[in-house]
Amino acid sequence: MDLPLGSDAASVRKRIEALEMLLERSLTIPVINRPVGLDAIAGLVPVAGDLLTAAMGLYVVWEGRNLGMPKWKLWRMLGNVAIDSAVGAVPVAGDLFDFLYRSNTRNLKIIKRHLDKHHPAQQVIEG
């Protein structure tokens with residue numbers, strides 16, 4: 001996958017969409033046909049997996065900050081990452097929570113709404 005390195009809204013959108021796909025929907029569990037990603041899988045590794053996925057989630061917030069998003073939206077996104085990380089760190093129950101709670105998908109929606117409103121000319125056409 002070739003990701004753009006620019007700081008323009010379209011490049012940021014593509015990078016965040018790719019990261020959300022990796023973290024939340026990169027694999028499908030066969031029997032139940034449920035997409036999961038690195039967030040749920042890495043959460044099975046105590047401490048290190050949770051720290052890795054929290055750092056990747058914080059990257060999405062950082063990209064939002066660079067877009068000039070309002071602080072209240074950034075705090076909301078940070079809250080999504082914090083909830084996912086804190087509850088996800090609890091053994092067994094946290095792994096189930098990671099399977100169900102998709103903080104990166106929520107944060108992607110927040111950023112997309114911001115981009116659609118403030119950078120409409122730079123939307124990426126999805127095919």
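Details of the structure are given in the entry above.
Treat the numbers as computed from the prediction; the structure is a model and nothing was measured.

Participant: How should the nonpolar core be read in this particular structure?
Facilitator: Generally speaking, nonpolar side chains in soluble globular proteins are found buried as a group. Ranked by size, the top nonpolar core spans 17 residues in total, and within it I16, V60, L67, M69, M77 and I111 carry the most contacts. Looking at this core, the elements that each hand over two or more residues are α1 (9-24), α3 (48-66), α4 (71-88) and α6 (103-118). It is α1 that provides the largest number of residues to this core, a total of 5 residues. When residues no more than four places from it in sequence are discounted, the contact partners of I16 are V60, E63, L108 and I111.

Participant: Sorry if this is basic, but what is going on with a positive patch on the surface here?
Facilitator: On the surface, R76, R106, K109 and R113 cluster together into a positively charged patch. The greatest single-element share of the positive patch, amounting to 3 residues, is contributed by α6. Within the secondary structure, R113 sits in helix α6.

Participant: I would appreciate a short explanation of the pattern of salt bridges in the present structure.
Facilitator: Opposite charge on two side chains lets them pair, provided their charged atoms get close. Considering all chains together, one arrives at 5 salt bridges under this definition. The partner of E63 in a salt bridge is R15, and the shortest N-O contact between them spans 2.9 Å. Taken together, the residues E63 in helix α3 and R15 in helix α1 connect sequence positions 48 residues apart. R15 shares its class with E63; the two are buried. One salt bridge in this structure joins E17 and K112, with 3.5 Å as the shortest N-O distance. Taken as a pair, E17 in helix α1 and K112 in helix α6 lie far apart in primary sequence, 95 residues in all. Given the relative accessible area of 23%, K112 is considered partly exposed. When salt bridges with common partners are traced through the structure, they connect R13, E17, K112 and D116 into a single cluster.

Cut-off values and rules
Residues numbered from 1 in each chain as written. Predicted model: local features only at pLDDT ≥ 70, side-chain atom pairs only at ≥ 80, totals over all residues. Heavy atoms only, no water. Core = buried A, V, L, I, M, F, W, Y, C linked by side-chain atoms within 4.5 Å. Buried < 20%, exposed > 50% of the residue type's maximum accessible area, 1.4 Å probe, protein only. Helix = DSSP H or I, 4+ residues; strand = E, 2+ residues; numbered from the N terminus. Contact = heavy atoms within 4.5 Å. Patch = residues over 30% accessible without salt bridge, like charges linked within 9 Å, V, L, I, M, F, W, Y side chains within 5 Å. Areas by Shrake-Rupley, 256 points an atom, 1.4 Å probe, with all protein chains shown as cover. Salt bridge = Lys/Arg side-chain N within 4 Å of Asp/Glu carboxyl O. Lys, Arg positive; Asp, Glu negative; His and termini not counted. Charge placed at Lys NZ, Arg CZ, Asp CG, Glu CD.

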